[in-house]
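Here's the letter readout for the chains.
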Amino acid sequence: MRPRIQEVADELLDAMAPHGHADLVESLALPLPTTVICDLLGVPAEDREQFCGWSAQIVTAPSVEAGAAAGEALTGYLSDLVDAKPHRDAGGDLLSALARTADDDGDRLAPDELLGMAFLLLFSGHETAINLISNGAYALLRHPDQLAALRAGWTLLDGALEEMLRYEGPVKECTLRFAAEPVDIADVTIPAGERVLLVLAAGSRDPRRFAEPDRFDIRRDARGHLGLGHGIHHCLGAPLGRLEAAIALRALFERCTDITLDTDPADLAWRPSSWLRGLARLPVRYTPFS
Ligand code: HEM
């Protein structure tokens, strides 16, 4: 998907170029992963905005009822999309492929399984990558020396992405786990069957694992961070998420050579969510570029 992601990034930057100022979330971090995941799954372009609206409401819903209503609306939409898939001949997308695929015994994904898969991929596939691009850009803008080092040697980019995932990872908490047997941790026994909420963001800043964990350092060895989860549920879309952020950040900082924050960091608002970590807006200023 590299050429398509590059094309989308270039188009978004072309649109930003003449203005001299922008909200990076709205101009780049949000539309890039949304377009990519919708392309991948076969969500028609004209439905993207509506889809994004539901998705954002699920993440930042002011009440449980509002979140559930957005979830239902998105599920209803996906259900219609999934129903239509097996009958479409175009079908080069992932949902069509999943709808057609049967295993050796002829077993197919049941409609509700396909729907669950569509929901999981659409939702987890873009809400996270938005935050990696915007949190990553923000960290670099606040550390101009490290941004300069990156511009001077893009071989640092892979390591920088791992540090972004560690330092300000897009996902703070993982989905609920259940203790299969009693577990002793820090003088507490978690009984079998009890729910456990693991805070990935805390693990990624554990001082026993990372020296000076609150320092952003693109040259550190950030391996072992929990930004993409751990174990059997480790992120399925990790290569895609990393690729999107790598392309977006490199294209942005290569073309936009004097970009700076256009606000006091103290005034920046983070999206109200207990499990995702992402900026609501990221205002920047730059000399118009080509
Ligand atoms: C860079 C951005 C991304 C980050 C930071 C991220 C983070 C995570 C994390 C922390 C988990 C583990 C959740 C848990 O243990 O409860 C996870 C799982 C998952 N992610 Fe991602 N993700 C990203 C991008 C993507 C993309 C682009 C896709 C889809 C194309 C995706 C699909 C999934 C799926 C399907 C799972 C569930 C895997 C399982 O339970 O076996 N993610 N992700």
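Residues numbered from 1 in each chain as written. Predicted model: local features only at pLDDT ≥ 70, side-chain atom pairs only at ≥ 80, totals over all residues. Heavy atoms only, no water.

Novice: Residue-level account of the overall build of the protein chain, with values.
Specialist: Within the protein chain, the regular secondary structure consists of 11 helices and 7 strands. Relative to its length of 290 residues, the protein chain is compact, with a C-alpha radius of gyration of 20 Å against a globular reference of 19 Å. Summarising its shape, the C-alpha atoms of the protein chain cover approximately 55 × 55 × 40 Å along the three principal directions. Per-residue burial for the protein chain yields a buried fraction of 45% across its 290 residues. Of all intrachain contacts in the protein chain linking residues separated by at least 6 positions in sequence, the fraction that spans at least 24 positions is 68%. Carbon and sulfur atoms provide 55% of the accessible area of the protein chain, an area that totals close to 15000 Å². Side-chain charges in the protein chain split into 27 positive and 44 negative, and the spacing between the mean points of these groups amounts to 6 Å. (Helix = DSSP H or I, 4+ residues; strand = E, 2+ residues; numbered from the N terminus. Rg over C-alpha atoms; globule rule 2.2 N^0.38 Å. Buried < 20%, exposed > 50% of the residue type's maximum accessible area, 1.4 Å probe, protein only. Contact = heavy atoms within 4.5 Å. Areas by Shrake-Rupley, 256 points an atom, 1.4 Å probe, with all protein chains shown as cover. Lys, Arg positive; Asp, Glu negative; His and termini not counted. Charge placed at Lys NZ, Arg CZ, Asp CG, Glu CD.)

Novice: Quick one: what's the story with helix H3 (residues 31-41), residue by residue and with numbers?
Specialist: Counting buried positions over the 11 residues of H3 gives 9, a clear majority of the element. When H3 is considered as a whole, its buried residues turn out to be Pro31, Leu32, Pro33, Thr34, Thr35, Val36, Ile37, Cys38 and Leu41. One or two steps after H3, the chain reaches glycine 42, where phi turns positive at roughly 90°.

Novice: Now, about the side chain of serine 134: what can you tell me, with residues and values included?
Specialist: Position of serine 134 among the secondary structure elements: in helix H7 (residues 111-142). With residues up to four places along the chain from it excluded, the contact list for serine 134 reads Val25, Ala29, Leu279 and Leu282.

Novice: Any chance you could break down the sheet that holds strand E1 (residues 21-23) for me, citing the residues and the numbers?
Specialist: Strand order in the open sheet formed by 3 strands is E1-E7-E6, with antiparallel pairing between adjacent strands. With partners counted over all chains shown, the strands left at the sheet margins are E1 and strand E6 (260-261), one partner each. Looking at chain direction, E6 and strand E7 (residues 283-285) are connected through 2 bridges and run antiparallel. Bridged to threonine 260 within E7 is arginine 285. (Pairing = 2+ DSSP bridges.)

Novice: I'd like to hear about the nonpolar core, residue by residue, with values.
Specialist: In this structure, Leu24, Leu252, Phe253, Ile259 and Leu282 are the most contacted members of the largest nonpolar core, which totals 52 residues. Every element with two or more residues in this core is listed here: helix H1 (2-16), helix H2 (24-29), H3, H7, helix H8 (144-152), helix H9 (157-167) and helix H11 (238-255). When residues of this core are assigned to their parent elements, the largest contribution, 10 residues, is made by H11. Dropping the residues within four chain positions of it, isoleucine 259 is found in contact with Leu24, Leu141, Arg151, Leu252, Phe253, Val284, Arg285 and Tyr286. Grouped together as the second largest cluster of nonpolar side chains are 18 residues, Ile37, Phe51, Val82 and Leu121 included. (Core = buried A, V, L, I, M, F, W, Y, C linked by side-chain atoms within 4.5 Å.)

Novice: I'd like a description of the state of the cysteines, backed by residues and values.
Specialist: By definition, a disulfide links the sulfur atoms of two cysteine residues through a covalent bond. Throughout the structure, instances matching the rule amount to 0 disulfides. Cysteine cysteine 174 is unpaired, with the sulfur of cysteine 235 as its nearest cysteine sulfur at 12 Å. Judged by its relative accessible area of 16%, cysteine 174 is buried. (Disulfide = S-S within 2.5 Å.)

Novice: Break down the pattern of salt bridges for me, citing the residues and quoting the values.
Specialist: Inspection of every chain in the model, using the stated rule, returns 18 salt bridges. Of the charged contacts in the structure, one is a salt bridge between arginine 166 and glutamate 163, with a shortest N-O distance of 2.8 Å. Highlighted residues: arginine 166 and glutamate 163, both in helix H9, separated by 3 residues, approximately one helical turn. Using a relative accessible area of 0% as the deciding quantity, one classes glutamate 163 as buried. Between aspartate 262 and arginine 285 there is a salt bridge, and its shortest N-O distance comes to 3.1 Å. Taken as a pair, aspartate 262 in the loop between E6 and E7 and arginine 285 in strand E7 lie far apart in primary sequence, 23 residues in all. Members of the salt-bridge network, linked through shared partners, are Arg4, Glu7, Asp39 and Arg48. (Salt bridge = Lys/Arg side-chain N within 4 Å of Asp/Glu carboxyl O.)

Novice: Which residues make up a negative patch on the surface, and what values do they have?
Specialist: Judged by side-chain charge, Asp103, Asp104, Asp105, Asp107, Asp112 and Glu113 come together as a negatively charged surface patch. If you trace the backbone, aspartate 104 turns up in the loop between helix H6 (94-100) and H7. (Patch = residues over 30% accessible without salt bridge, like charges linked within 9 Å, V, L, I, M, F, W, Y side chains within 5 Å.)

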